[in-house]
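One letter stands for each residue in the lines below.
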Amino acid sequence: MRSPPRYIFIETNRRCNLKCEHCNYWHDKDTDAANYLPLPRKLEVLGEFHELNPQGAMVTCGGESMLDLDTYFGLMRECRRLGLTALSVVNGTRIQTAEMADRMIAEGPHEISISLNSPRREVHDRTRGVRGAFDKAVKALRLLLEARARVPGSTSRIYVMGLVFDESYRDLEHFYDFVLNDIGADRLKLNSLQPSFAQHDPTDAFFRDHSKVDPDELCDIIQRCNERFNLGLNPVWIEQVRMYWQSLARARDLELGWASKVETSEHICNTYDRNIMVDSYGKARLCFSDAFGGLKLKQKGDLKRFWENAGAIRREMASCNRPCGISHSVRRVSARLDPARQPPQRSFAARRADFFADLWPLRPVVDPRASESAACQE
Ligand SMILES: C[S@@+](CC[C@H](N)C(=O)[O-])C[C@H]1O[C@@H](n2cnc3c(N)ncnc32)[C@H](O)[C@@H]1O
Ligand code: SF4
């Protein structure tokens, strides 16, 4: 039997209340929600994931998943009941009262990340398309921290997911200072700009216009932050960030977004060894892109069947250098050196067993691939 998956990513919806320029989820309106995998089936799928890995973690995807609170807290409740860890990135607009913050600490994800595109209100609001978005995100963080302080011994982690792009990277020192010292959140995670998520338009103007980042200057700034804020960053990750931005700098067709030919010069992703992504329709894949095959989960047992019979997809993905490889959700290397944060390494024997398991069956149990789409991420 193959080593189990460590994460399951569950798409909770396909709509949003902000209008980010780097993400097109808000163009979707969930008009086809009647055909989505209903919550009871989502919970069954979580149960199957738990059978594969009782120590695993669930990550919500969207859209703004907190627009659908029944689904959101339904998934959280089931994770807590099963003993799975729940992680969620949200834009903060739905955490605007002390009551909701208390509920998030008591019943919500174990790791809550609020997205900020910049420590500057003007940049965040402009690139997120809605005035007031920055103040709401910061208010959500402060409310969550206050709510956690009301629960002695709470282990909830409260992070910021920060976007690295041309308008934010020179502000990173200020960004860390604002998040760690002014707000007092536990961590700022850096997320490099990729082609627009859920890309609708054939021209990805934001990716084209906002990818002008000097890789060496960025890495010098990250290194400075590492020393000043004692971040314990992984030097391998810093070099991967440099390599990522160097790869973008060489590309000549970034305006095509996910259809661009841009590839990272190194293979840095291992999603196929650890993740299952389940989209709104219940289709399981090994990454967010639908350039690779997947399996629609129709009945109990399908999740395990997919995971254990996806060897052909894994072999294809093992040479995939798409830009999404830099994201937290799929990257092999952790951004931190902290051993507690390092993914458990499979032993030589386990890797050998997985290699042979992946060769079987010769005809994989997958649906035909669809056209290229985009990503969502932790
Ligand atoms: C897709 S959003 C969904 C959750 C929630 N709506 C939010 O904004 O946090 C998850 C994370 O992906 C990031 N994201 C969206 N588009 C991106 C892109 N093109 N490149 C890198 N990160 C992106 C967002 O900034 C956010 O931190
Ligand atoms: S990044 Fe989040 S808040 Fe922005 S449009 Fe996408 S889903 Fe909405």
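Per chain, residue numbering runs from 1 following the sequence as it is written. Chains and ligands are labelled by the order in which they are written, letters from A for the one and numbers from 1 for the other. Whole-chain, interface and lining totals are the exception, using all residues; otherwise, since this is a predicted model, local features are given only for residues with pLDDT of at least 70 and side-chain atom pairs are given and counted only at 80 or more.

Some words on the overall build of the chain
Across its full length, the chain carries 13 helices and nine strands. Taking 21 Å as the expected radius of gyration for a compact globule of 378 residues, we find that the chain reaches 20 Å, a close match to that expectation. When its C-alpha atoms are laid out on the principal axes, the chain stretches across 55 × 50 × 45 Å. Residues counted as buried form 46% of the 378 residues belonging to the chain. By definition, residues are in contact whenever their C-beta atoms, placed on the basis of the backbone, come within 7 Å of each other. In the chain, 76% of the contacts between residues at least 6 apart in sequence involve partners at least 24 apart. Helix and strand definitions here come from DSSP, where helices need a minimum of 4 consecutive H or I residues and strands a minimum of 2 consecutive E residues; each element is numbered from the N-terminal end. We compute the radius of gyration over the C-alpha atoms and compare it with the globule rule, which gives 2.2 Å times the number of residues raised to the power 0.38. The burial criterion counts other C-beta atoms lying within 10 Å of a residue's C-beta, which is placed from the backbone; the residue is buried at 20 or more, exposed at 12 or fewer, and partly exposed between these limits.

Details of unusual backbone geometry
Note that the residue after Gly62, namely Gly63, is joined by a cis bond; omega there is 25°. Within the secondary structure, Gly63 sits in the loop between β2 (57–61) and α2 (69–82). Its identity is not glycine, yet Asp30 carries a phi of approximately 60°, on the positive side. According to the C-beta neighbour criterion, Asp30 is partly exposed, with 16 such atoms within 10 Å. For Ala198, which is not a glycine, the phi torsion comes out positive at approximately 55°. Structurally, Ala198 is set in the loop between β6 (187–192) and α7 (205–209).

Description of the site of ligand 2
Residues in contact with ligand 2, as listed here, are Cys16, Leu18, Cys20, Cys23, Tyr25, Trp26, Gly62, Gly63, Glu64, Asn91 and Arg128. Tallied by class, residues from the shell around ligand 2 come to six nonpolar, three polar and two charged. Nearness between a residue and a molecule or strand is assessed with a C-beta atom placed from the backbone; a distance within 6 Å qualifies. Note on residue classes: Ala, Val, Leu, Ile, Met, Phe, Trp, Tyr, Cys and Pro are nonpolar, Asp, Glu, Lys and Arg are charged, and everything else, Gly too, is polar.

Description of helix α1 (residues 39–52)
The span expected for a helix works out to 1.5 Å for each residue beyond the first. Given a rise of 1.5 Å per residue, 14 residues ought to cover 20 Å, and the 20 Å separating the end C-alpha atoms of α1 matches this to within 8%. Listed in full, the buried residues belonging to α1 are Lys42, Val45, Leu46 and Phe49. All buried residues of α1 lie within an arc of 105° about the axis, which places them on one face of the element. Packed against the buried residues of α1 are β1 (7–11), β2, α2, β7 (275–278) and α11 (302–308). Each direction from the helix axis to a C-beta atom contributes to the arc, which is the arc of those directions.

Points about the UniProt feature "domain: Radical SAM core" (unreviewed entry) in the chain
UniProt positions are given in the numbering used here, feature names are shortened, and annotations may be inferred rather than shown by experiment. With numbering matched to this structure, UniProt assigns "domain: Radical SAM core" (unreviewed entry) to residues 2–228. As annotated, residues 2–228 comprises 41% helix and 16% strand, and the C-alpha atoms at either end are separated by 42 Å.

Comments concerning the nonpolar core
Here a nonpolar core is just a set of buried residues of the types Ala, Val, Leu, Ile, Met, Phe, Trp, Tyr and Cys, joined wherever their C-beta atoms sit within 7 Å. Met58, Leu141, Leu144 and Val278 are the most contacted members of the largest nonpolar core, which has 99 residues in total. Ranked by residues supplied to this core, first place goes to helix α5 (residues 133–149) with nine residues.

Examining the sheet that holds β6
Pairing between two strands requires that DSSP report at least two bridges joining them. Ordered by their spatial adjacency, nine strands build an open sheet running β6-β5-β4-β3-β2-β1-β7-β8-β9, and the pairing between neighbours is mixed. Two strands bound the open sheet, and with one partner strand each, they are β6 and β9 (295–296). Alignment of strand β5 (residues 157–164) against β6, held across six bridges, turns out to be parallel. Note that in β6 the partner of Val164 across the bridge is Ser192. Across the face of the sheet, α2 comes into contact with β1, β2 and β3 (85–90) while running at roughly 175° to β2. α5 rests against β4 (111–116) and β5 of the sheet, and its axis sits at about 155° to β4. Note on geometry: axes are lines fitted to C-alpha atoms, helical ones only across the stretch in contact, with angles between N-to-C directions running from 0 to 180 degrees.

Side note on α2
Taking 1.5 Å per residue, 14 residues should reach 20 Å; α2 reaches 20 Å between its end C-alpha atoms and fits that length. Restricting attention to buried positions, one finds in α2 the residues Thr71, Tyr72, Leu75, Met76, Glu78 and Cys79. Down the axis of α2, the sector holding all buried residues measures 165°, keeping them to one side. Exposed residues on α2 whose side chains face more than 90 degrees from its buried face are Leu69, Asp70 and Arg81.

Focus: the pairing of β3
Across the six residues of β3, five count as buried, placing the element largely inside the fold. Two elements, β2 and β3, share three bridges in a ladder whose sense is parallel. Paired with Ala57 across the strands is Thr85, a residue of β3. Read from β2 through α2 to β3, the crossover connection turns out right-handed. Across four bridges, β3 lies against β4 in parallel orientation. Place the viewer so that the strands point away; then a crossover is right-handed whenever the path from the first strand over the helix to the second strand goes clockwise.

Looking at the pairing of β1
Within β1, five of the five residues are buried, which leaves it mostly tucked inside the rest of the structure. Here β1 shows a buried face lined by Tyr7, Phe9 and Glu11 and a second buried face lined by Ile8 and Ile10. With five bridges connecting them, β1 and β2 associate as parallel partners. By the bridge assignment for β2, Ile10 is matched with Thr60. Crossover connection from β1 via α1 to parallel β2: handedness right-handed. With four bridges connecting them, β1 and β7 associate as parallel partners. Opposite Phe9, over in β7, you have Met277 as the bridge partner.

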